[in-house]
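In case you want the letters, here they are:
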Amino acid sequence: MTDEMIPAWVDGTLQPVDKLEVHRRGLRHKAVSIFVMDGENVLLQRRAAGKYHSPGLWANTCCTHPRWMEPAADCAVRRLREELGITGLYPAHRDRVEYRAEVGGGMVEHEVVDIFMAMAERKMKVYPNPDEVSQVEWVGFYDLTAEIKRRPQRFTPWLRIYLEEHRDRIFGTLMRP
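Residues numbered from 1 in each chain as written. Predicted model: local features only at pLDDT ≥ 70, side-chain atom pairs only at ≥ 80, totals over all residues. Heavy atoms only, no water.

Chemist: So what exactly am I meant to see when it comes to unusual backbone geometry here?
Modeler: Excluding glycine, most residues fall at negative phi; most peptide bonds, likewise, are trans. One non-glycine residue with positive phi stands out, namely S54, at about 55°. Looking at where S54 falls in the secondary structure, it is placed in the loop between β4 (41–47) and β5 (58–59). We note that M69 has phi near 70°; this positive angle belongs to a residue other than glycine. With respect to the element layout, M69 can be found in the loop between β6 (62–64) and α2 (72–84). Given a relative accessible area of 70%, M69 falls into the exposed group. (Helix = DSSP H or I, 4+ residues; strand = E, 2+ residues; numbered from the N terminus. Buried < 20%, exposed > 50% of the residue type's maximum accessible area, 1.4 Å probe, protein only.)

In structure tokens, the structure reads:
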């Protein structure tokens, strides 16, 4: 089974399905999102231009799909390493949310997302994989929410959904004024 097979529900049964097929058909599937924070600052990534959907858009620190039978927490640690070269962080599970969004090119994300958070320092070494990430940037949380309202087209649909619809569930009292 290849890494391109991800857990998706087909006719109510969770099974391994090719990642592109999942997105073309808009199948409900498992996903993992990670927010790495330093106080009120969040590490964002800009998706590489070669990504098959949402290229060049800003997203949370890391967003991915677990492999078939891979625990979400293991996936979070693996993808931080593979996408950003980040090691030594063990993100804590914050919540699980579900959303559906069109992401361009006839693709649909219908995800059941395990959301994780890890605390780090801005001076932490980050080594972006150029096939995945074109840029990283630390941004103040309140600046990010304001920028999403001003220029939503710069951000992935899921990041907008997380901050607009699930902010309290993900960040709790961490980001309350």
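On we go.
Chemist: Whenever I open this one, α2 confuses me. Can you help?
Modeler: In an α-helix, one full turn covers 3.6 residues, which means residues spaced three or four apart are oriented alike. The end-to-end C-alpha distance of α2, which contains 13 residues, comes to 18 Å, matching closely the 18 Å that a straight helix rising 1.5 Å per residue would cover. Check the buried side of α2 and you find it contacts β3 (28–38), β4, β6, β8 (107–119) and β9 (133–140). Of the residues one or two after α2, G85 is the one with positive phi, at around 65°. (Expected span 1.5 Å × (residues − 1). Contact = heavy atoms within 4.5 Å.)

Chemist: It is not clear to me how the layout of surface pockets should be interpreted in this structure. Could you clarify?
Modeler: Over the atoms, a rolled probe matching the size of one water molecule traces out where space is still vacant. In this model, the largest pocket occupies a volume close to 460 Å³. If you trace the largest pocket, you find 27 residues lining it, with K19, K51, T64, H65 and R79 closest to the centre. Elements represented by at least two residues in the lining of the largest pocket include exactly β1 (5–10), β6, α2, β8 and α4 (157–165). Counting residues per element, the lining of the largest pocket draws most heavily on α2, at 4 residues. Each residue belonging to the lining of the largest pocket can be placed in one class, and the counts come to 8 nonpolar, 5 polar and 14 charged. (1 Å grid on protein atoms, 1.4 Å probe; cavity = no way out; pocket = protein on both sides within 12 Å on 5 of 7 lines; lining within 4 Å. Points joined across faces, edges and corners; volume = space filled by probe spheres on them. Nonpolar A, V, L, I, M, F, W, Y, C, P; charged D, E, K, R; others polar.)

Chemist: Is there a simple way to think about the packing of aromatic side chains in this case?
Modeler: A ring pair, where both rings are aromatic, is described by two values, the distance of the centres and the angle of the planes. Under the criterion given, the structure shown has 5 aromatic pairs. Positioned over the ring face of W9 is R28, at 4.4 Å from the centre of the ring. (Phe/Tyr/Trp six-rings, centres within 6.5 Å; stacked < 30°, edge-to-face > 60°. Lys NZ or Arg CZ within 6 Å of the ring centre and 35° of its normal.)

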